[in-house]
Amino acid sequence: MEKRLFNFSSGPAVLPVPVLERIRDEMLCLPGCGASVMELSHRSKQFMAIQEAAKQRLIRLLNITSDYDVLFLQGGARLQFSMIPMNLLRGQTGPAQYVLTGSWGKYAIGEAKKEGKVEAIYDSSATNYDRVPTETELKISSDAAYVHITSNETIQGVQFQHDFSSTTPLVCDCSSDILHRPIDVSKYGLIYACAQKNAGPAGVTVVIIRKDLLARSSDELPGYLNFNNHSKEDSMWNTPPTFAVYVLGLVTEWVEKTIGGLAAMYKLNQEKAKWVYDAIDRHPEMYLAHAQKQSRSLMNATFRFPNEVLEKAFLTNAQAIGLDSLKGHRSVGGIRASIYNAMPMAGVQSLAQLMDDFASKNS
Ligand SMILES: *Cc1c(COP(=O)(O)O)cnc(C)c1O
């Protein structure tokens, strides 16, 4: 078998090896089923148990109370950019307020504009989204339909470090940092995340919605786009993405049983990110961090070089030692090291070592 690389891809991204091994072992015949999980009816006892177990794991890991529902949907986070304003903004008097800390928030507000009145109450685009605001910088109005934040901006590598409080329902795109630390779900009205960054493969999107908000959805909405249908039918309104839900179940089981839960996961993520950021800070003449220090993402570390020749040389050196997919997004340039939950410690240690070696050879 060919050797696995350290995969720093921003998404779809690295998965835990024990999860991949389990999928391999169960591929032809899921224990007790006589078939692959992909061949089971979504309404079979066996699959319903798999989906319910995945849901219960999310509920336990995130301490989700019974006034919330957990939905497994399709269409990625991008469909939520539309579905959320369709369900939560239509028919409301106040506007939806958006906090723009990066490219994904910008896309989200673009879709919401098609639905109703929106306002950007924070926008750091003038400095290419290098920071997140403090709570006191935000002027959230109490009559807003909701306020939308992106907890981690995957492209720029800036992240909110804490949950914050708002009496206006807080909607959060957690696509690239769900399950990376414990969060206080009770502070949010709705949390959504596509799975393919930190929670599983592409194909399933998790929506955690406070049940009282379901009352806002109009019956006029197309069936699939109405949160109520999915909530009433326990994410079986239509065929859910069964394989993706199964893998998400295995990933959450790995976080819970192998890692030991979200507090332990958070500690590991802080340690892993420290390897990379310490290397950046040791060589400020070589590595130009994109994010301001207090906004640095634990999931996506972004930095540039003094010139493109050095950037190319670094990427070539990285590839040669098995560090893959480090090239940054074109809107930021340089390097983006995505170091999600499943990135092994050895991967970031190897990257930090390369950063030290490269800086001493080329300075
Ligand atoms: C990847 C990503 C998205 C888009 O997800 P899709 O599943 O491709 O629609 C949205 N928001 C954030 C923060 C992301 O990282």
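Residues numbered from 1 in each chain as written. Predicted model: local features only at pLDDT ≥ 70, side-chain atom pairs only at ≥ 80, totals over all residues. Heavy atoms only, no water.

Chemist: Which parts of the structure should I look at to understand the site of the ligand?
Modeler: For the ligand, the set of nearby residues contains 14 residues, the closest of which are Arg78, Thr154, Asp173, Gln196 and Lys197. A distance of 2.8 Å is found between an oxygen atom of the ligand and a backbone nitrogen or oxygen belonging to Arg78. Within the side chain of Asp173, a nitrogen or oxygen atom sits 2.7 Å from a nitrogen atom of the ligand. Here the ligand loses 88% of its free accessible area of 390 Å² to cover by the protein chains. Per element, the largest residue contribution to the shell around the ligand is four residues, and it comes from helix α3 (residues 76–88). Within the shell around the ligand, the residues separate by chemical class into four nonpolar, seven polar and three charged. (Near = heavy atom within 4 Å. Polar contact = N/O pair within 3.5 Å; in protein donor to acceptor, adjacent residues only side chain to side chain. Areas by Shrake-Rupley, 256 points an atom, 1.4 Å probe, with all protein chains shown as cover. Helix = DSSP H or I, 4+ residues; strand = E, 2+ residues; numbered from the N terminus. Nonpolar A, V, L, I, M, F, W, Y, C, P; charged D, E, K, R; others polar.)

Chemist: Got a minute to help me understand the domain arrangement of the chain in this structure?
Modeler: Accessible area lost on assembly of the parts is the figure often given for the size of an interface. Structurally, the chain comprises domain 1 (18–259) and domain 2 (261–362). The gap between the C-alpha centroids of domain 1 and domain 2 is 27 Å. Facing 31 residues of domain 1, the contacting portion of domain 2 comprises 26 residues. Across the domain 1/domain 2 interface, buried area totals approximately 2,300 Å², and carbon plus sulfur atoms make up 54% of it. The three residues of domain 1 that bury the most area against domain 2 are Ile155, His180 and Ile259, which together make up 23% of that side's buried surface. Taken together, domain 1 and domain 2 are joined by zero salt bridges. There are 19 residue pairs in polar contact (both at pLDDT 80 or more) connecting domain 1 and domain 2. For the side of domain 1 that touches domain 2, the secondary structure elements donating two or more residues are β6 (152–153), β7 (158–159) and α6 (242–259). In terms of residues, the side of domain 1 that touches domain 2 owes the most to one element, α6, which gives four residues. For the side of domain 1 that touches domain 2, the per-class residue count stands at twelve nonpolar, twelve polar and seven charged. (Domains from an automatic or database assignment. Contact = heavy atoms within 4.5 Å. Buried area = accessible area lost by both parts, 1.4 Å probe. Salt bridge = Lys/Arg side-chain N within 4 Å of Asp/Glu carboxyl O.)

Chemist: I'm lost on the sheet that holds strand β3 (residues 96–100) in this one. Help?
Modeler: One open sheet accounts for seven strands, arranged β2-β10-β9-β8-β5-β3-β4; its pairing is mixed. Strands at the two margins of the open sheet, each flanked by one partner only, are β2 (68–73) and β4 (118–123). The mean angle between the axes of side-by-side strands here comes to 15 degrees, regardless of whether they run parallel or antiparallel. Pairing of β3 with strand β5 (residues 146–150) involves three bridges; the strand directions are parallel. If you follow Gln97 over to β5, its bridge partner there is Val147. Docked against the sheet, α3 engages β2, β3, β5, β8 (170–173), β9 (190–194) and β10 (205–210), running at close to 155 degrees with respect to β9. (Pairing = 2+ DSSP bridges. Axes fitted to C-alpha atoms, helices over the stretch in contact; angles between N-to-C directions.)

Chemist: Sorry, what's going on with the side chain of Ser10 here?
Modeler: Residue position: Ser10 is located in the loop between β1 (6–7) and α1 (17–26). The exposure class of Ser10 is buried, given its relative accessible area of 18%. Excluding anything up to four places from it in sequence, Ser10 contacts Thr154, Lys197, Arg336, Ser338 and Tyr340. (Buried < 20%, exposed > 50% of the residue type's maximum accessible area, 1.4 Å probe, protein only.)

Chemist: Would you explain the packing of helix α2 (residues 45–61) against α6 in this entry?
Modeler: In a pair of packed helices, the angle between the axes and the distance between the axes together describe the arrangement. Packing of α2 against α6 brings their axes to within 9 Å, and their N-to-C directions diverge by 40 degrees. With respect to their mutual orientation, α2 and α6 come out oblique. When the axes of α2 and α6 are compared, the crossing they make is left-handed. Here α2 contributes Phe47, Ile50, Gln51, Ala54, Arg57, Leu58, Arg60 and Leu61 to the contact with α6, which in turn contributes Thr242, Val245, Tyr246, Leu248, Gly249, Thr252, Glu253, Val255, Glu256 and Lys257. Across the contact of α2 with α6, the residue classes tally to nine nonpolar, four polar and five charged. (Parallel < 35°, antiparallel > 145°, perpendicular 65-115°, else oblique. Left-handed = near helix turned anticlockwise from the far one by under 90°.)

Chemist: Please explain the pattern of salt bridges as it appears in this structure.
Modeler: Where side chains of opposite charge bring their charged atoms close, a pairing between them can arise. Applying the stated criterion across every chain, the model contains 20 salt bridges. Residues Glu253 and Arg22 are paired through a salt bridge, measuring 3.7 Å at the closest nitrogen-oxygen approach. Here Glu253, found in helix α6, pairs with Arg22, found in helix α1; they are 231 residues apart in sequence, far enough to count as distant. Several salt bridges share partner residues, and in doing so they unite Arg22, Glu26, Arg57, Arg60, Glu253, Glu256 and Lys257 into one network.

Chemist: For this particular structure, what's the right way to read the nonpolar core?
Modeler: Buried together is how nonpolar side chains tend to be arranged in soluble globular proteins. By size, the foremost hydrophobic cluster in this structure holds 57 residues, and its most contacted members are Leu62, Ile208 and Leu248. Residue contributions to this core peak at ten residues, all from α6. Shared between two domains, this core holds at least three residues of each, these being domain 1 (18–259) and domain 2 (261–362). Residues Ala301, Phe303, Phe305 and Ile335 belong to the second largest nonpolar core, which totals 34 residues. (Core = buried A, V, L, I, M, F, W, Y, C linked by side-chain atoms within 4.5 Å.)

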